[in-house]
Amino acid sequence: MVKANQILDRVLNFFETYVCAVLFFITCAIIFIQVVFRALGLPVGWTEESARYLCIWVIYLAASKGVRNGNHMSVDLLPMILKGKARVVLYIIASLISLAFFFMLCYVGMQVLSSMGVRPQYSAANKINMQFAYAAPYVGAGMMIVRGLQRLVVLVKQLIGVLPMEETESEKMMKQGGEAE
């Protein structure tokens, strides 16, 4: 079980880091091509659409890394007030709510993608199947489910005392001398 989790972690980390970096680089190159050709008075139609879809994929693939690290935007007030196990319980509740949302997104997404298979739609400039573009949020949600479950296991281990409690971002900043004077 531990070995399977390590393999899954490596695969997801590969997508979150390297695939996203390559896709982002390609997106930047496409936008550069678009700017150059437009400046020359030769607009290229496929560049805008390609950059948009690649950017969407980068966002949803990289979002799972935020779930893994617990770095998604949140209000830090309540975790600053709560200490110890109460804070971990709060994080567990937040993780469960997030997981419920990710599961719901995947479920609805599979329905949307399967209905699009009946009557396929194609993009205007590139003529690619729109299932490819619409799949990004659902693939990302699937990755976020896995990362959310991994994070939930860590939080439960912290709650029962197997792992040490983690600090909030505010606490880390205060230790580094980042508090306001």
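In what follows, the accompanying structure is described. Not measured: the values here are computed from a predicted model.

Turning our attention to helix H4 (residues 84-118). Since the α-helix advances by 3.6 residues per turn, residues separated by three or four positions end up pointing in the same direction. Across its 35 residues, H4 extends 52 Å between first and last C-alpha, which sits within 8% of the 51 Å expected from 1.5 Å per residue. Inspection of H4 places Arg87, Val88, Tyr91, Ile92, Ser95, Leu99, Phe102, Cys106, Gly109, Leu113 and Met116 among the buried residues, and these make up the whole buried set.

For the structure shown, the criterion picks out zero disulfides. Cysteine Cys20 is unpaired, with the sulfur of Cys55 as its nearest cysteine sulfur at 11 Å. Cysteine Cys28 shares no disulfide, and the gap to the nearest cysteine sulfur, in Cys55, comes to 9.0 Å.

As a further point, take the side chain of Ser50. Mapped onto the elements of the fold, Ser50 is located in helix H2 (residues 45-69). On the basis of relative accessible area, Ser50 is assigned to the buried category, the value being 14%. Polar contacts involving the side chain of Ser50 include one to the main-chain carbonyl oxygen of Trp46, which spans 2.8 Å. With sequence-adjacent residues up to four places away left out, Ser50 is seen in contact with Ile30 and Asn126.

Time to look at the packing of aromatic side chains. If you walk through the whole model with that rule in mind, you get four aromatic pairs. Measuring from centroid to centroid gives 5.9 Å for Phe14 and Tyr18, while their planes differ by 40 degrees, and the two rings are tilted. You can see Phe14 and its partner Tyr18 sitting in helix H1 (residues 2-39), four residues apart, about one turn around the helix. The class for Tyr18 is exposed, based on a relative accessible area of 51%. Every member of this aromatic cluster is reached through a ring pair, and the members are Phe14, Phe15 and Tyr18. Over the aromatic face of Tyr53 sits the side chain of Arg52, whose NZ or CZ is 5.9 Å from the ring centroid. Its end group placed over the ring of Tyr91, Arg151 keeps NZ or CZ at 6.0 Å from the ring centre.

Glancing now at unusual backbone geometry. Phi is mostly negative for residues that are not glycine, and the peptide bonds are mostly trans. For Lys127, which is not glycine, the phi dihedral falls at a positive 60 degrees. Here Lys127 shows up in the loop between H4 and helix H5 (130-134).

A few words now on the side chain of Ser64. Among the secondary structure elements, Ser64 is positioned in helix H2. Ser64 gets classed as buried once you look at its relative accessible area, which sits at 0%. Engagement of the side chain of Ser64 in a polar contact is seen with the backbone oxygen of Leu61, the distance being 3.1 Å.

Calculation criteria
The numbers attached to residues start from 1 for each chain and follow its sequence in the written order. Local features are withheld for residues below a pLDDT of 70 in this predicted model, meaning they are given only at 70 or higher, and side-chain atom pairs are given and counted only at 80 or more; totals for whole chains, interfaces and linings count all residues. With hydrogens and water stripped out, all remaining heavy atoms of the structure feed into the side-chain values. Each helix is a run of H or I in the DSSP string that is no shorter than four residues. Each strand is a run of E no shorter than two, and both are numbered from the N terminus. Expected helix span is given by 1.5 Å per residue-to-residue step, counting one fewer step than there are residues. Classification of residues uses two cut-offs on accessible area relative to the type maximum, computed with a 1.4 Å probe and protein chains only: under 20% is buried, over 50% is exposed, and between them is partly exposed. To count as a disulfide, a pair of cysteine sulfur atoms needs to be within 2.5 Å. Here a polar contact means two N or O atoms within 3.5 Å. Within protein one must be a hydrogen donor candidate and the other an acceptor candidate, and residues neighboring in sequence count only if both atoms are side-chain atoms. Only heavy atoms matter for contacts: two residues are in contact if any of them lie within 4.5 Å across the pair. When the centres of two rings from Phe, Tyr and Trp lie within 6.5 Å, Trp using its six-membered ring, the rings pair. Their planes under 30 degrees apart give stacked, over 60 give edge-to-face, and anything left gives tilted. We count a charge as sitting over a ring when the NZ of a lysine or the CZ of an arginine lies within 6 Å of the ring centre and within 35 degrees of the ring normal.

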